[in-house]
Amino acid sequence: MRFMSIAAGAICVALIFGTSAFAQVSPDPNNPNDVIPEASNLPPYGFPISIETAKKVAAAAITESKRRNWNTMCIAIVDPHGDLVYFERQDNCQYASISIAQHKARTAARYRRPTLAFENLLGKGDNFRYLTTLDDVIASRGGNPITVEDKVIGAIGVSGGTGSQDNVVSQAGASSLTATTGSASSQ
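Residues numbered from 1 in each chain as written. Predicted model: local features only at pLDDT ≥ 70, side-chain atom pairs only at ≥ 80, totals over all residues. Heavy atoms only, no water.

Participant: When you look at the packing of helix α2 (residues 51-67) against helix α5 (residues 163-175) in this model, what are you seeing that I'm missing?
Facilitator: In helix packing, the relevant descriptors are the interaxial angle and the interaxial distance, both defined with respect to the helix axes. At a minimum axis separation of 7 Å, α2 and α5 run at an interaxial angle of 140°. Classified by the angle their axes make, α2 and α5 are oblique. Handedness of the crossing formed by α2 with α5: right-handed. Contact residues: Val 57, Ala 60, Ala 61, Glu 64 and Ser 65 in α2; Val 168, Val 169, Ala 172, Gly 173 and Ala 174 in α5. Class assignment for the residues of the contact of α2 with α5 results in 7 nonpolar, 2 polar and 1 charged. (Axes fitted to C-alpha atoms, helices over the stretch in contact; angles between N-to-C directions. Helix = DSSP H or I, 4+ residues; strand = E, 2+ residues; numbered from the N terminus. Parallel < 35°, antiparallel > 145°, perpendicular 65-115°, else oblique. Left-handed = near helix turned anticlockwise from the far one by under 90°. Contact = heavy atoms within 4.5 Å. Nonpolar A, V, L, I, M, F, W, Y, C, P; charged D, E, K, R; others polar.)

Participant: Would you take a moment to explain unusual backbone geometry for this structure?
Facilitator: In most cases, non-glycine residues show a negative phi, while peptide bonds are predominantly trans. For Arg 112, which is not glycine, the phi dihedral falls at a positive 55°. In this model, Glu 149 sits at a positive phi of 55°, which is unusual for a non-glycine residue. Inspection of the secondary structure puts Glu 149 in the loop between β3 (143-148) and β4 (151-159). The exposure class assigned to Glu 149 is exposed, which follows from its relative accessible area of 59%. (Buried < 20%, exposed > 50% of the residue type's maximum accessible area, 1.4 Å probe, protein only.)

Participant: Even after reading the chapter, I still don't get the pairing of strand β2 (residues 84-89), so can you show me in this structure?
Facilitator: Residues in a regular strand point their side chains to alternate faces of the sheet. By the bridge criterion, 5 bridges tie strand β1 (residues 74-78) to β2 in an arrangement that is antiparallel. Within β2, the residue paired with Val 78 across the bridge is Leu 84. Hairpin connection from β1 to β2: 5 residues lie between these consecutive antiparallel strands, with Gly 82 at a positive phi of about 95°. (Pairing = 2+ DSSP bridges.)

Participant: Explain helix α3 (residues 96-111) to me, please; I cannot follow it from the model alone.
Facilitator: Since the α-helix packs 3.6 residues into each turn, any two residues three or four apart lie on the same face. Here α3 contains 16 residues, and its C-alpha end-to-end distance of 23 Å stays within 8% of the 22 Å for a straight helix at 1.5 Å per residue. Every buried residue belonging to α3 is among Ser 97, Ala 101, Lys 104, Ala 105, Thr 107, Ala 108 and Ala 109, and all of these are buried. Looking at the buried positions of α3, the neighbouring elements they touch are β1, α4 (115-122), β3, β4 and α5. (Expected span 1.5 Å × (residues − 1).)

Participant: For this particular structure, what's the right way to read the nonpolar core?
Facilitator: When a protein is soluble and globular, its nonpolar side chains tend to lie buried together. Among the nonpolar cores identified, the biggest contains 18 residues, and Ile 49, Val 57, Ile 75, Ile 77, Ile 146, Ile 156 and Val 169 are the most heavily contacted of them. When residues of this core are traced back to their parent elements, those giving at least two are α2, β1, β3, β4 and α5. Looking at this core element by element, the count peaks at 5 residues for α2. For Ile 75, the residues in contact, after removing those within four places along its chain, are Ala 58, Ala 61, Ile 62, Tyr 86, Phe 87, Glu 88, Ile 156, Gly 157, Val 158 and Val 169. Among the nonpolar cores identified, the runner-up in size contains 9 residues, and Cys 74, Ala 105, Ala 108 and Ala 155 belong to it. (Core = buried A, V, L, I, M, F, W, Y, C linked by side-chain atoms within 4.5 Å.)

Participant: Sorry if this is basic, but what is going on with the state of the cysteines here?
Facilitator: Taken as a whole and judged by the stated rule, the model has 1 disulfide. Across a sulfur-sulfur distance of 2.5 Å, Cys 74 and Cys 93 are joined as a disulfide pair. Torsion about the S-S bond of the Cys 74 and Cys 93 cystine: about -125°, corresponding to left-handed handedness. With Cys 74 in strand β1 and Cys 93 in the loop between β2 and α3, the pair connects residues that are 19 residues apart, well separated along the chain. For the pair Cys 74 and Cys 93, one class covers both residues: buried. (Disulfide = S-S within 2.5 Å.)

Participant: Just to check I follow, could you spell out the packing of aromatic side chains for this structure?
Facilitator: Remark: the centre distance and the inter-plane angle together describe each pair of aromatic rings, the angle taken between the planes. The full count for this structure, using the stated rule, is 1 aromatic pair. Seen from their ring centres, Tyr 111 and Phe 118 are 5.3 Å apart, and the 80° between their planes marks the pair as edge-to-face. (Phe/Tyr/Trp six-rings, centres within 6.5 Å; stacked < 30°, edge-to-face > 60°.)

Participant: How should I be thinking about the pattern of salt bridges in this particular structure?
Facilitator: Opposite charge on two side chains permits them to pair, given that their charged atoms come into close proximity. Scanning all chains against the criterion turns up 7 salt bridges. One salt bridge connects Glu 64 with Arg 67, and the closest N-O pair in it is separated by 2.9 Å. Of this pair, Glu 64 and Arg 67 both sit in helix α2, separated by 3 residues, roughly a single helical turn. Residue classification places Glu 64 among the buried residues on the basis of a relative accessible area of 14%. Here Arg 67 falls in the exposed class, since its relative accessible area comes to 58%. (Salt bridge = Lys/Arg side-chain N within 4 Å of Asp/Glu carboxyl O.)

Take a look at the structure:
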């Protein structure tokens, strides 16, 4: 019995000292994630995009796609929550791009940044592998926030071409409101 008491005591001591090693992890000077930024300056959310404005954004994206003779695009416009507001599919778009376009738009809206930002970070190496564990992230270019008066009112996601084609069309749609902010802000 005495042996059991000594063994139990030794196990308790080992657990107490062993878990303290897990309490603090020293920063890794090679990991850019261990640097603490001074500020966090993501744009605030604004009033959700209206259906009329979403149609204008999609029309600008379709116009860019047609101008370049790319007849393979799916275009999704979502509100700041990532919920679908408007969707358009060109005749030659692959079926997989329907959900991919919506996913890109949802990610851009919820994280308030282009999906290209995630793609670029993953390309920087293992320190950014954690991004794949975040809910609803897609690290493929073609999703961009839609902003009016520096507030995120939604996002556009485009899929169906190469990543660079998707991004060009997506940016054309997202930037279309800067020329017409008067009509967009009257939502």
